[in-house]
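A look at the structure
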Amino acid sequence: MKDFEVIFGIPKQEVKKTCVLMPFLLKEALREFKIGRFSRGKLYGAGNGRDFTLIHSGPGPALTGDVVLYLKDAGCKNLILFGSCGLLAENNGLGIGSLVSPSKVYSLESFSRMLANQDIASDVYYPDKKLLEDWISAAGSSIKQITCATVSSLKLEEERKDIWLNQGIEAVDMECSAFFSAASHSGLKAMAVFYVTDIIGVKPFYQEIGLKDKAKISLARKMAAGLLCKFIQENLLA
């Protein structure tokens with residue numbers, strides 16, 4: 001068995017041109033994406049839909065960045081990170097269950113740097129411009145573009161959110177800057193799609209959410225999955 005198959009659970013030659021990466025894999029995602037056989041490797045899991053490969057990439061920047069580096073030599077050309085994010089403030093029409101795509105991502109991946117109060121974001125990474133433009137055009141008003149920051153501490157994000165808001169950051173996640181960085185390094189086209197699951201300091205991730213918000217998040221996941229399948233089929237198969 002080749003190294004790639006040991007790590008991902010599928011042979012390298014089965015990887016499709018477009019790959020969707022999910023830090024946390026939900027059973028409903030397998031249903032919505034119509035993934036039949038899903039295989040587990042030592043680090044990741046993968047399965048093929050009709051038009052793309054779905055990969056359970058795991059949480060955090062290191063695992064996510066490594067996936068991209070592995071895919072560089074697997075025939076993949078387009079990458080989509082599909083996951084969740086937290087809003088720093090509920091405004092501009094954004095709230096629980098909103099669908100967003102970052103057009104600019106600051107890197108705050110270092111826990112030690114955040115702990116030392118060096119948390120003014122300076123390193124910036126971007127999605128592929130044409131891929132994002134095509135996605136926004138196809139998805140229409142269902143998706144809003146945001147400025148995001150990839151952070152390394154769930155606890156510290158509550159303490160630092162005002163600093164980040166003043167810098168124009170609207171949401172936080174834990175993978176995207178590494179994802180964009182690795183894609184740029186590897187010469188692959190990349191974009192990200194997030195559904196909002198919490199609002200920092202108002203509806204934090206660790207508090208039980210109500211049925212209404214649960215329904216919004218579930219609907220957002222399904223809507224995003226449907227939009228992505230349509231987008232890939234109509235824009236990324238040629």
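Everything here concerns the structure above.
Residues numbered from 1 in each chain as written. Predicted model: local features only at pLDDT ≥ 70, side-chain atom pairs only at ≥ 80, totals over all residues. Heavy atoms only, no water.

**Some details on the packing of helix α5 (residues 129-139) against helix α8 (residues 211-235)**
Relative orientation of the contacting elements α5 and α8 amounts to 120 degrees, with a least axis distance of 10 Å. Classified by the interaxial angle, the pair formed by α5 and α8 is oblique. In this structure, α5 meets α8 at a crossing whose hand is right-handed. Across from L131, D134, W135, A138 and A139 in α5, the residues of α8 making contact are L227, L228 and F231. (Axes fitted to C-alpha atoms, helices over the stretch in contact; angles between N-to-C directions. Helix = DSSP H or I, 4+ residues; strand = E, 2+ residues; numbered from the N terminus. Parallel < 35°, antiparallel > 145°, perpendicular 65-115°, else oblique. Left-handed = near helix turned anticlockwise from the far one by under 90°. Contact = heavy atoms within 4.5 Å.)

**Thoughts on the packing of helix α3 (residues 61-71) against helix α7 (residues 176-186)**
In the contact formed by α3 and α7, the axes pass within 8 Å of each other and the chain directions differ by 20 degrees. Here α3 is positioned roughly parallel relative to α7, judged by the angle of their axes. The way α3 lies across α7 gives a crossing that is right-handed. Contacts between α3 and α7 pair P61, T64, G65, V68 and L69 from the former with A178, F179, A182, A183, H185 and S186 from the latter.

**Side note on the packing of aromatic side chains**
In the structure shown here, the tally under the stated rule is nine aromatic pairs. Taking 5.9 Å as the distance between ring centres and 75 degrees as the angle between the ring planes, the aromatic pair formed by F33 and F82 counts as edge-to-face. Of the two residues, F33 is situated in the loop between α2 (27-32) and β2 (38-40) and F82 in strand β5 (residues 78-87); the sequence distance between them amounts to 49 residues. Both residues of the pair, F33 and F82, belong to the buried class. On the basis of an interplanar angle of 40 degrees and a centroid distance of 5.7 Å, the ring pair of F179 and F180 is categorised as tilted. (Phe/Tyr/Trp six-rings, centres within 6.5 Å; stacked < 30°, edge-to-face > 60°. Buried < 20%, exposed > 50% of the residue type's maximum accessible area, 1.4 Å probe, protein only.)

**A short note on the nonpolar core**
Membership of the largest hydrophobic core comes to 67 residues, with the highest contact counts inside it found for L21, F33, L71, L79 and W135. Those residues in contact with L71, other than ones at most four positions away along the chain, are F4, V15, C19, L21, I55, C76, L79 and L188. Core analysis: the second largest hydrophobic core is formed by eleven residues, L108, V151, L156 and V172 among them. (Core = buried A, V, L, I, M, F, W, Y, C linked by side-chain atoms within 4.5 Å.)

**Overview of unusual backbone geometry**
Unusually for a residue other than glycine, K34 sits at a positive phi of about 55 degrees. Mapping K34 onto the fold places it in the loop between α2 and β2. Residue K34 is classed as exposed on the basis of its relative accessible area of 68%. Positive phi outside glycine occurs at N92, with the angle close to 55 degrees. As for its placement among the helices and strands, N92 is situated in the loop between β5 and β6 (99-108). By relative accessible area, N92 is classed as exposed at 58%.

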